[in-house]
Amino acid sequence: MTRVRAAAGGLATPSMATYYAQRATAGLIVSEGVQPSAIGQSNPGTPGLHTDEQVASWRPVTAAVHANGGRIFAQIMHGGRVSHPDTTGTQPVGPSAVAAVGEVFTPTGPQPAPTPRALDTAEVPGHARSYADAARRAVEAGFDGVELHGANGYLISQFLSSNANLRTDRYGGSVANRIRFAVEAASATVEAVGGARTGIRLSPGGTFWGVEETDVLKLYTTLLTELARLEVAYVHLEATTDEEVLVALRDAWPGTLVVNPALPMGPKQAGRAEADHWLGPGADLISFGRAFIANPDLVERLRTGLPIAPVDEATYYQGGDAGYSSYPAYQHAA
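Counting of residues starts from 1 at the beginning of each chain's written sequence and follows it residue by residue. Local features in a predicted model are, by the rule used here, given only for residues with pLDDT of at least 70; side-chain atom pairs are given and counted only at 80 or more, and totals for whole chains, interfaces and linings are based on all residues. Excluded from the side-chain calculations are hydrogens and water; all other atoms, namely the structure's heavy atoms, are used.

1. Some details on the pairing of strand β2 (residues 72-76)
Inference 1: By the criterion of burial, β2 is predominantly enclosed, with five of the five residues buried.
Inference 2: Summary of the burial criterion: residues with accessible area below 20% of their type's maximum are buried, those above 50% are exposed, and those between are partly exposed, where the area comes from a 1.4 Å probe applied to protein chains only. Helical segments are the DSSP runs of H or I of at least four residues, strand segments are the runs of E of at least two, and each set is numbered from the N terminus. Burial of β2 is two-sided: the residues I72, A74 and I76 facing one way and the residues F73 and Q75 facing the other way are all buried.
Inference 3: The handedness of the strand β1 (residues 29-34) to β2 crossover, carried by helix α2 (residues 52-67), is right-handed. A crossover counts as right-handed when, viewed with the strands pointing away from the observer, the path leading from the first strand over the helix to the second turns clockwise.

2. Observations concerning the side chain of S31
Inference 1: Topologically, S31 is positioned in strand β1.
Inference 2: A polar side-chain atom of S31 sits 3.0 Å from the main-chain amide nitrogen of Q75.
Inference 3: Excluding residues within four positions of it along the chain, S31 makes contact with M1, Y20, F73, A74, Q75 and F143. Polar contact is the term for a pair of N or O atoms within 3.5 Å; when the atoms are in protein, one must be able to donate a hydrogen and the other to accept it, and sequence-neighboring residues count only if both atoms are side-chain atoms. Should any heavy atoms of two residues lie within 4.5 Å, those residues are counted as being in contact.

3. Quick notes on helix α7 (residues 180-193)
Inference 1: A rise of 1.5 Å per residue sets the reference length of α7, with its 14 residues, at 20 Å; its end C-alpha atoms lie 20 Å apart and thus fit the reference within 8%.
Inference 2: Packing partners of the buried residues in α7 comprise α4 (124-140), β7 (145-149), α5 (155-160), α6 (175-178), β8 (198-202) and α8 (216-230).
Inference 3: In the segment just after α7, G194 is the residue with positive phi, at about 95°. Expected span of a helix, by definition, is 1.5 Å for each gap between consecutive residues, and there is one gap fewer than residues.

4. Quick look at the packing of aromatic side chains
The geometry of an aromatic ring pair comes down to the distance between the two centres and the angle between the two planes.
Inference 1: In this scheme Phe, Tyr and Trp rings, the latter by its six-membered ring, pair at centre separations within 6.5 Å, and the angle between planes marks the pair as stacked below 30 degrees, edge-to-face above 60, and tilted otherwise. Inspection of the entire model under this criterion finds nine aromatic pairs.
Inference 2: Centre to centre, the rings of F159 and Y171 are 6.1 Å apart; their planes meet at 70°, and the pair counts as edge-to-face. One end of the pair, F159, is in helix α5; the other, Y171, is in the loop between α5 and α6, and 12 residues separate them in sequence. Of the two residues, F159 and Y171, neither departs from the other in class, the shared state being buried.

5. Some remarks on the packing of α7 against α8
Inference 1: The interhelical angle for the contact between α7 and α8, taken along N-to-C directions, is 10°, at an axis separation of 10 Å. Of the possible angle classes, the one that applies to α7 and α8 is roughly parallel. Relative to α8, the crossing made by α7 is right-handed. Along the contact surface, α7 presents A182, V183, A186, S187 and V190, while α8 presents L223, E226, L227 and L230.
Inference 2: Under the scheme applied here, ten amino acids are nonpolar (Ala, Val, Leu, Ile, Met, Phe, Trp, Tyr, Cys and Pro), four are charged (Asp, Glu, Lys and Arg), and all others, including Gly, are polar. Looking at the contact of α7 with α8, its residues break down into seven nonpolar, one polar and one charged. To get an axis, a line is fitted to the C-alpha atoms, and for a helix only the part in contact is used. The angle between two axes follows their N-to-C directions and goes from 0 to 180 degrees. Roughly parallel means an angle under 35 degrees; roughly antiparallel, over 145; roughly perpendicular, 65 to 115; everything else is oblique. By definition, any crossing whose near helix is turned counterclockwise from its far helix by less than a right angle is left-handed, and any crossing with a clockwise turn is right-handed.

6. Things to note about the side chain of T315
Inference 1: Within the fold, T315 resides in the segment after α12 (298-304).
Inference 2: According to the relative accessible area criterion, T315 is buried, its value standing at 8%.
Inference 3: In terms of polar contacts, T315 uses its side chain to reach the backbone carbonyl oxygen of D312, at 2.8 Å.
Inference 4: With sequence-adjacent residues up to four places away left out, T315 is seen in contact with R3, R5, A322, G323 and Y327.

7. Some details on the packing of helix α1 (residues 14-22) against α2
Inference 1: Here α1 crosses α2 at 25°, and the two axes come no closer than 8 Å. As the angle between them shows, α1 and α2 are arranged roughly parallel. Helix-helix and strand crossings are classified by hand; for α1 and α2 the assignment is right-handed. Together, M16, A17, Y20 and A21 of α1 and W58, P60, V61, A64 and V65 of α2 make up the contact between the two elements.
Inference 2: Looking at the contact of α1 with α2 residue by residue, the classes come out as nine nonpolar, no polar and no charged.

8. Things to note about the environment of D215
Inference 1: Structurally, D215 is set in the loop between β8 and α8.
Inference 2: Distance in space between the C-alpha atoms of D215 and V175 is 8.1 Å, their sequence separation being 40 residues.

9. What about the sheet that holds β2?
Inference 1: Between any two strands, at least two bridges found by DSSP are needed for them to pair. Within the open sheet, the seven strands sit side by side as β1-β2-β7-β8-β9-β10-β11. Their pairing is parallel. Strands with a single pairing partner mark the edges of an open sheet, and in this sheet they are β1 and β11 (285-286).
Inference 2: With four bridges connecting them, β1 and β2 associate as parallel partners. Bridging across to β2, V34 finds its partner in I76.
Inference 3: Along the sheet, α8 makes contact with β8 and β9 (234-238), crossing β8 at roughly 175°.

10. A short note on the pattern of salt bridges
Two side chains with opposite charge may pair up if their charged atoms get near one another.
Inference 1: Salt bridges are counted wherever a side-chain nitrogen of Lys or Arg sits within 4 Å of a carboxyl oxygen of Asp or Glu. Under the criterion given, the structure shown has 11 salt bridges.
Inference 2: R137 serves as the salt-bridge partner of D52, at 2.9 Å between the closest nitrogen and oxygen. With a gap of 85 residues between them, D52 in helix α2 and R137 in helix α4 connect regions that are remote in the sequence.

11. A look at empty space enclosed by the protein
Any empty space left between atoms is shown by rolling a water-sized probe over those atoms.
Inference 1: A cavity here means a set of 1 Å grid points, computed over protein atoms only, where a 1.4 Å probe fits but cannot escape. A pocket is an open set with protein on both sides within 12 Å along at least 5 of 7 lines, and lining residues have an atom within 4 Å of a point. Grid points are joined across faces, edges and corners, and a volume is the space filled by probe spheres set on the points. Counted under the stated rule, the structure contains two cavities of 30 Å³ or more.
Inference 2: Reported here for the largest cavity is a volume of approximately 60 Å³.
Inference 3: Forming the walls of the largest cavity are L237, L246, V247, R250, L257, V259, W278, P281, G282 and A283.
Inference 4: Among the elements of the structure, α9 (243-252) and β10 (256-260) are those that each provide at least two residues to the lining of the largest cavity.
Inference 5: Tallying contributions element by element places α9 first for the lining of the largest cavity, with three residues.
Inference 6: Looking at the lining of the largest cavity, its residues break down into eight nonpolar, one polar and one charged.
Inference 7: The computed volume of the second largest cavity comes to approximately 40 Å³.
Inference 8: Taken together, T2, G33, V34, Q35, G40, Q41, S42, N43, T46 and M77 make up the full set of residues lining the second largest cavity.
Inference 9: Split by residue class, the lining of the second largest cavity holds two nonpolar, eight polar and no charged.

Spelled out as structure tokens, the structure:
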């Protein structure tokens, strides 16, 4: 989850190494969103994987996780229209000239989401390849693999959308065209670092930043069919649509399925009960976000039934170590 603690230039920091190493007991850590290009940056204070300096800054982070016995994938996140010129110095891009709904973070505070520049057809493949370029750099930086952020209203999600994507070329309109960008990004990444190092996160039916999707079951069943051909390591679904649809997608996906059970179809901070619920219909793995922020020892708490500490939302994005690496492991009574 995004914590906006990166240094200037999108560099990872020693505090980030501490933060991730504290949570190395997770079966797999998926990092915060990492921009694959300067124009792909969504929020200020986020890290990148598009310069040599950024690669070097991540190496102590991945080394710290590995030293503690963990594994870590970099989540590659191109914000698309969910950005602002005050953050990147340039107009955001998207499938179409349709602004996101809501305010975006900028260096001077929240501002209305601007209207993006619609990508020309010839530009689109380059943005798809940016995920693969970042994946190569991620492996150079010591990450065990990458997760393409295809969810939550960011660029891949915008192409899947039926209201953010109003294109009439090969990337818009039909289901086959709306999934094309996601498939090209995944295909390029698999070619770059291998299917075993490539996962993808999706939020079927989600309405983040005002995106809407028509034919949700058909859209994602078709996409999963293409991803299966690429033999990606896993698909990571958020519980953003009806359980009946999610179960159907489980049936349609032959590979490893990760489910995130939190909002909007579950509680704000998921725990053992929510995990067990989704393991029933066939999830192979469960992901935790908010719960892992405040509980660096979350695995042990889930295993032994210890209470899960609440997170302080006021410290999500404030910077510094407070509310970041300051959360303690469970303190047993003396």
